[in-house]
Amino acid sequence: MQVVARDLTHKISSAADAQRNGGNEFHEAATRLLGVMEAHREGRWRRMGVMALIAALCGAVGFFAREPASKYAHLWDARDAIKQDVTRRECKLLDGINLMVNGARACVIKEDPS
């Protein structure tokens, strides 16, 4: 009977050790998974921040790139009108002067030093 009790105690001890080792391994796996999840979350915020900075940079480039194109649009419209007829009012609006140059009429616009 003592042999059976000793054998049973040994088996219970071995089972308890196995369960304890399994619990420790589960705890280590859970800790690693938590670390991976935190790193992923931290990386996601970092990626979102980088994407926001890139978007802001693209928006700024687009904003400043459109300025020169729209700034001189009225000059191109006036140029087209003056090309059709030099004596039109667009020449006067641009502070220009009608002159004869080599037998042809021309609209000369004064330079603004500022």
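Our subject is the structure that appears above.
Because the structure is a prediction, the values reported are computed rather than measured.

**Here we look at the overall build of the protein chain**
Then comes step 1: Each helix and strand counted, the protein chain has 3 helices and 2 strands in total.
Then comes step 2: Over its C-alpha trace the protein chain gives a radius of gyration of 42 Å, far above what one expects of a compact globule, namely 13 Å for 114 residues.
Then comes step 3: A principal-axis box enclosing the C-alpha atoms of the protein chain has dimensions of 135 × 25 × 20 Å.
Then comes step 4: A total of 114 residues make up the protein chain; the buried ones form 8% of that total.
Then comes step 5: Within the protein chain, contacts between residues separated by at least 24 positions form 3% of all contacts whose residues are at least 6 apart in sequence.
Then comes step 6: Total accessible area on the protein chain stands at roughly 10,100 Å², and carbon and sulfur atoms take up 63% of it.
Then comes step 7: Taking the average place of the 17 positive charges on the side chains of the protein chain and the average place of its 14 negative ones, the gap between the two points comes to 2 Å.

**Digging into the pairing of strand β1 (residues 96-101)**
Then comes step 1: Here β1 pairs with strand β2 (residues 104-109) via 6 bridges, running antiparallel. For M100, the partnering residue across the bridge sits in β2 and is R105.
Then comes step 2: Between β1 and β2, which pair antiparallel one after the other, the connecting turn spans 2 residues, and N102 there sits at a positive phi close to 55°.

**Topic: a nonpolar patch on the surface**
Then comes step 1: Residues I97, L99, V101 and V108 make up a contiguous nonpolar surface patch of about 280 Å² in total accessible area.
Then comes step 2: Following the sequence through the fold, V101 ends up in strand β1.
Then comes step 3: Look at V101 and you get partly exposed, because its relative accessible area is 40%.

Parameters at a glance
- Residues numbered from 1 in each chain as written.
- Predicted model: local features only at pLDDT ≥ 70, side-chain atom pairs only at ≥ 80, totals over all residues.
- Heavy atoms only, no water.
- Helix = DSSP H or I, 4+ residues; strand = E, 2+ residues; numbered from the N terminus.
- Rg over C-alpha atoms; globule rule 2.2 N^0.38 Å.
- Buried < 20%, exposed > 50% of the residue type's maximum accessible area, 1.4 Å probe, protein only.
- Contact = heavy atoms within 4.5 Å.
- Areas by Shrake-Rupley, 256 points an atom, 1.4 Å probe, with all protein chains shown as cover.
- Lys, Arg positive; Asp, Glu negative; His and termini not counted.
- Charge placed at Lys NZ, Arg CZ, Asp CG, Glu CD.
- Pairing = 2+ DSSP bridges.
- Patch = residues over 30% accessible without salt bridge, like charges linked within 9 Å, V, L, I, M, F, W, Y side chains within 5 Å.
- Salt bridge = Lys/Arg side-chain N within 4 Å of Asp/Glu carboxyl O.

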